[in-house]
Amino acid sequence: MTEFNYDVLVIGAGHAGCEAASAAARMGAKTCLITIDMNKIAQMSCNPAIGGIAKGQIVREIDALGGMTGIVTDASAIQFRMLNRSKGPAMWSPRAQCDRQKYILEWRHILEKTENLHIWQDEAAEIFVENGKICGIETIWGARFNAKAVIITAGTFLNGLMHIGRKQVEGGRCAEPAAKLLTASIEKHGIQSDRMKTGTPVRIDKRSVHIEEMEIQPGETDYHRFSYISPLRALPQLPCWTCETNPEVHEALHSGLEDSPLYNGQIKSIGPRYCPSVETKIVTFPERDKHPLFLEPEGVDTNELYLNGFSSSLPMDVQIKALRKMPCFRDAVVYRPGYAIEYDFFQPTQLKHTLESKKIEGLYFAGQVNGTTGYEEAAAQGIIAGINAVLKIKHEPEFVLLRDEAYIGVLIDDLVTKGVDEPYRMFTSRAEYRILLRQDNADIRLTPYAQKFGLCSEERNARFEYKKKKIDETIEFCKSFSIKADRINPFLLAKGTAELKGGCKLFDLINRPQITLTDLAEEVNSFGDFISKIEPLDREEIVEAAEIEMKYHGYIARERALAEKVQRLENIKIKDRFDYHSITQLSTEARQKLSNINPETLAQASRIPGVSPNDISVLLVLLGR
């Protein structure tokens, strides 16, 4: 048998696998990324888009930690939008439509030029464990890979089964084989698996669509981007289009429900609540006679279009018939129909916050195998697993992000504390500290970790230190610069806000909702001169970040104080300190849940569904607090 020796193995080259392998290798670990198809590295299996509500914040956080998803997204972006502009900055979420092929090529280029990183095309079949520790894997071709840590990032490939109507085909993705052996090998060691379902919509030839009958949805061309070190977007920026279903479409869809794998008993697993199939929409909301759809380009050099909102596993003739009931798609030519896919996942309550298995030391899980949905959630888990795998090998302290530090911290804490009963998707509403976890300050929050772990390039470090310095200087300028009432009152009246009775600092003016820093830079020459000296590529981003810090400083301070209060419970370690089954003062549900999860801290215990405040009080008394 051919044997290879590595520090870290990453099984699967999706978004989680790419981030995990890249991070591990750049931290100095000899790393091998094993994938079934090297031509599909970082394939965007569904919509070729990155970001969205809360997901955009996660990508900014990955970038701040030294990850590559933001850089790759900016290099392949063909439309950018900042969502939730009408709400406060805590809700702003970047999103980019990407060129699918260029996204793959960018990731492949990054991986192949990364030192300490090798790629091997093969399928993992079996894991090897000795004395409770992972020691390697074997592939279907009989290659043995020895390693100190293994990260499973297999996406939807574990026993993947695709459905179109009553037709079923094994596969991890359309036209790609399923991984049929690895789950059983993992289960032999006491790790439990279950099944989930997701789906994807029809792909359409642009030449057959009556685009002129649809509403155009242009992107934005301002300074916003995902990575703080990316240049401005280089690819042509393309529009998307919107339309709606109609009663005739719904009638055509209804005609195929008896052959729908979602309703004929063929699919028994749970799909994503927040990205339902179109047949689920018409069944769940029978009173609605229309649903919005978004037609999105797949790339600069292709006619392939993605119909967002029309995910389906109905028979292909039903899908096409329903599609053509919409006037803009009356002549639609389809590249392929939508389909559903079922796959194995592992309940994440079996993991530590580092994403290491509680059963097997050195074995990590990241991405959809943990019950999440979305490229962004997967990539976030990947970089955390990659970092922690290397820290473990080096015998250094583990890395866990807290809920007030990052959306990534919220994501992982939710997974390992609460588990999943449907594909997990991040939303801003899941985070208690949204004002602290904004997209504009992700680098301020997390880049120090990238510096600590050796994931911060010289360029990133220089840009980060410059940005931080200029934000502080901008805020200090506004706090110290005085303006006289007679000088500024005409400007204030023009902006629809009250006049001053006496002089004040610029900082006091920026607290008014009608006033922006850009306004003040145009009106106050000294401040305008100060702003003009900031590097042009970073200027608008720095001004935006400084303005948000000033406008919302009261709310930020209040939320920080609340987070610090809760942090006291995070500091109370309780793992392995109690035999919960013997504590009769706890509720029966609390005893069961606490015994099963064995939480690290009292704060984590308080977030477990079924553990009441009274149960936490009992534990505090037993601790003598």
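A brief structural summary. (Residues numbered from 1 in each chain as written. Predicted model: local features only at pLDDT ≥ 70, side-chain atom pairs only at ≥ 80, totals over all residues. Heavy atoms only, no water.)

### Observations concerning the overall build of the chain
Thought 1: Looking only at helices and strands, the chain has 21 helices and 23 strands in total.
Thought 2: Compactness check: the chain gives a C-alpha radius of gyration of 26 Å against a globular reference of 25 Å for 625 residues, within 12% of the reference.
Thought 3: When the backbone C-alpha atoms are referred to their principal axes, the chain occupies close to 80 × 70 × 50 Å.
Thought 4: By residue count, 59% of the 625 residues in the chain fall in the buried class.
Thought 5: The long-range share in the chain, meaning contacts at least 24 apart out of those at least 6 apart in sequence, stands at 74%.
Thought 6: As displayed, the chain has an accessible area near 25,600 Å², and 51% of this comes from carbon and sulfur atoms. (Helix = DSSP H or I, 4+ residues; strand = E, 2+ residues; numbered from the N terminus. Rg over C-alpha atoms; globule rule 2.2 N^0.38 Å. Buried < 20%, exposed > 50% of the residue type's maximum accessible area, 1.4 Å probe, protein only. Contact = heavy atoms within 4.5 Å. Areas by Shrake-Rupley, 256 points an atom, 1.4 Å probe, with all protein chains shown as cover.)

### Here's the deal with the sheet that holds strand β4 (residues 49-51)
Thought 1: Taken together, three strands build an open sheet; the order of strands is β4-β6-β5 and the sheet is antiparallel. The open sheet has two free edges, formed respectively by β4 and β5 (77-83), since each of these has just one partner strand. Each neighbouring strand pair of the sheet contributes to a mean axis angle of 15°, computed without reference to strand direction.
Thought 2: Pairing analysis gives six bridges linking β5 to strand β6 (residues 93-98), with the strands arranged antiparallel. Residue pairing for β6: A77 is matched across the bridge by C98.
Thought 3: Across the sheet, helix α2 (residues 55-64) lies against β4, β5 and β6, angled at about 85° from β6, the strand it touches most.
Thought 4: With respect to the sheet, helix α3 (residues 69-76) is in contact with β4, β5 and β6, its orientation differing from that of β5 by roughly 115°. (Pairing = 2+ DSSP bridges. Axes fitted to C-alpha atoms, helices over the stretch in contact; angles between N-to-C directions.)

### Some points on the side chain of T372
Thought 1: Relative to the helices and strands, T372 is located in the loop between β21 (363-365) and α9 (375-393).
Thought 2: A polar side-chain atom of T372 sits 3.2 Å from the main-chain carbonyl oxygen of G367.
Thought 3: A distance of 3.1 Å separates a polar atom in the side chain of T372 from a polar atom in the side chain of Q381.
Thought 4: Once residues lying within four places of it in the same chain are set aside, the contact partners of T372 are Y343, G367, E377, Q381, L411, L415 and Y424. (Polar contact = N/O pair within 3.5 Å; in protein donor to acceptor, adjacent residues only side chain to side chain.)

### Regarding the nonpolar core
In globular proteins that are soluble, nonpolar side chains generally tend to be buried together.
Thought 1: Within the largest apolar cluster, 110 residues are counted, with the highest numbers of intra-cluster contacts made by V8, W107 and I408.
Thought 2: At 12 residues, the largest contribution of residues to this core is made by α9.
Thought 3: I408 has contacts with I58, E61, I62, L65, A380, I384 and L401, leaving out every residue within four places of it along the chain.
Thought 4: Core analysis: the next-biggest nonpolar cluster, separate from the first, contains 29 residues, F477, C478, F530 and M550 among them. (Core = buried A, V, L, I, M, F, W, Y, C linked by side-chain atoms within 4.5 Å.)

### Focus on unusual backbone geometry
Thought 1: Phi is positive for A42, which is not a glycine, with a value near 60°.
Thought 2: Its location among the elements puts A42 in the loop between β3 (31-35) and β4.
Thought 3: Taking relative accessible area as the criterion, A42 reaches 0% and is therefore assigned buried.
Thought 4: With a phi close to 50°, N598 is a non-glycine residue in the positive phi region.
Thought 5: The residue N598 is located in the loop between α19 (588-597) and α20 (602-606) in this model.

### Side note on the sheet that holds β3
Thought 1: Taken together, the five strands give an open sheet; going across it, the order is β7-β3-β2-β11-β21, and neighbouring strands pair in parallel fashion. The open sheet has two edge strands, β7 (117-121) and β21, and neither has a second partner. The average angle at which neighbouring strand axes cross in this sheet is 20°, direction not considered.
Thought 2: Both strand β2 (residues 8-11) and β3 contribute to a ladder of four bridges, which runs parallel. Bridging across to β3, I11 finds its partner in I34.
Thought 3: Most of the contacts of helix α1 (residues 15-26) go to β3, to which it runs at about 165°, and overall it touches β2, β3, β7 and β11 (149-152).

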